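Remarks on the overall topology
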Amino acid sequence: MRKSFNLREIKKSDWKILLEWRNDKITSQSSFNSDLVSLSEHKEYINNAINNPNRAIFILEYNDIPVGTIREDRLRKDELELSYTISPIYRGKKIGQIMMSIYLIERKGSFMCEIKEENISSIKMIEKLGFKLFNTEKRVNFYKLNKS
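First, a word on what this report is: a plain description of the structure on this page. (Residues numbered from 1 in each chain as written. Predicted model: local features only at pLDDT ≥ 70, side-chain atom pairs only at ≥ 80, totals over all residues. Heavy atoms only, no water.)

Further remarks concern the sheet that holds strand S5 (residues 109-116). Ordered by their spatial adjacency, seven strands build an open sheet running S1-S2-S3-S4-S5-S7-S6, and the pairing between neighbours is mixed. Two strands in the sheet have a free side with no partner beyond their single neighbour: strand S1 (5-9) and strand S6 (132-137). Geometrically, the sheet is characterised by an average inter-axis angle of 25 degrees between neighbouring strands, direction not taken into account. Here strand S3 (residues 65-76) pairs with strand S4 (residues 79-86) via eight bridges, running antiparallel. Its bridge partner being in S4, Ile70 is matched across the sheet by Tyr84. Here helix H1 (residues 15-22) sits on the sheet in contact with strand S2 (55-62), S3 and S4, set at roughly 80 degrees to S3. (Pairing = 2+ DSSP bridges. Helix = DSSP H or I, 4+ residues; strand = E, 2+ residues; numbered from the N terminus. Axes fitted to C-alpha atoms, helices over the stretch in contact; angles between N-to-C directions. Contact = heavy atoms within 4.5 Å.)

In structure tokens, the structure reads:
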């Protein structure tokens, strides 16, 4: 069986799958804003993200099926904050680790993630990739990976 992965930037037409993932119960619980997002709010968010030079959102496709997303927000020249979500039906299959590995392959700089203390699977995943805990505040862990 062929197994191919493709990490690509999002398009406006990806709004539906991204909204489904965003409003998933587990995704909402892991997010810092757990409110459900409306269709109009989400479409505006996608449009703003696509046009924001300091933000990029990528979708990971596995055999042409969207399975996860990763967002980068540029904080400074070589410093990015990352956030990610895995499709509910692909959780527990190491997709997050694969997606983050593909994202990081040829990138340099400082990468940060903020993860709620109770999100154990996400913590294990980024620690396996070399992210180091540098702060904990209000039950949120702050991780950093420096690549040169």
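Time to look at helix H5 (residues 120-128). Looking at H5, one finds that the buried residues are Ser122, Ile123, Met125 and Ile126. For H5, the angular spread of the buried residues around the axis is 165 degrees, confining them to a single face. For H5, exposure combined with an orientation more than 90 degrees from the buried face picks out Ser121, Lys124 and Lys128. (Buried < 20%, exposed > 50% of the residue type's maximum accessible area, 1.4 Å probe, protein only. Arc of directions from axis to C-beta.)

So, about the nonpolar core. With 25 residues, the main nonpolar core has Leu82, Tyr84, Met100, Tyr103, Ile126 and Phe131 as its most contacted residues. Looking at this core, the elements that each hand over two or more residues are S2, S3, S4, helix H4 (95-104), S5, H5 and strand S7 (140-147). The biggest single contributor to this core is H4, with five residues. If we ignore the near neighbours within four places in the chain, the residues touching Ile126 are Tyr84, Met100, Cys113, Ile115, Phe131 and Tyr143. Of all hydrophobic cores here, the second largest spans seven residues; its members include Ile10, Leu18, Trp21 and Ile59. (Core = buried A, V, L, I, M, F, W, Y, C linked by side-chain atoms within 4.5 Å.)

Turning to its location among the elements, Glu79 is positioned in strand S4. Setting aside anything within four residues of it in sequence, one finds Glu79 in contact with Asp73, Arg74, Ser110, Met112 and Lys144.

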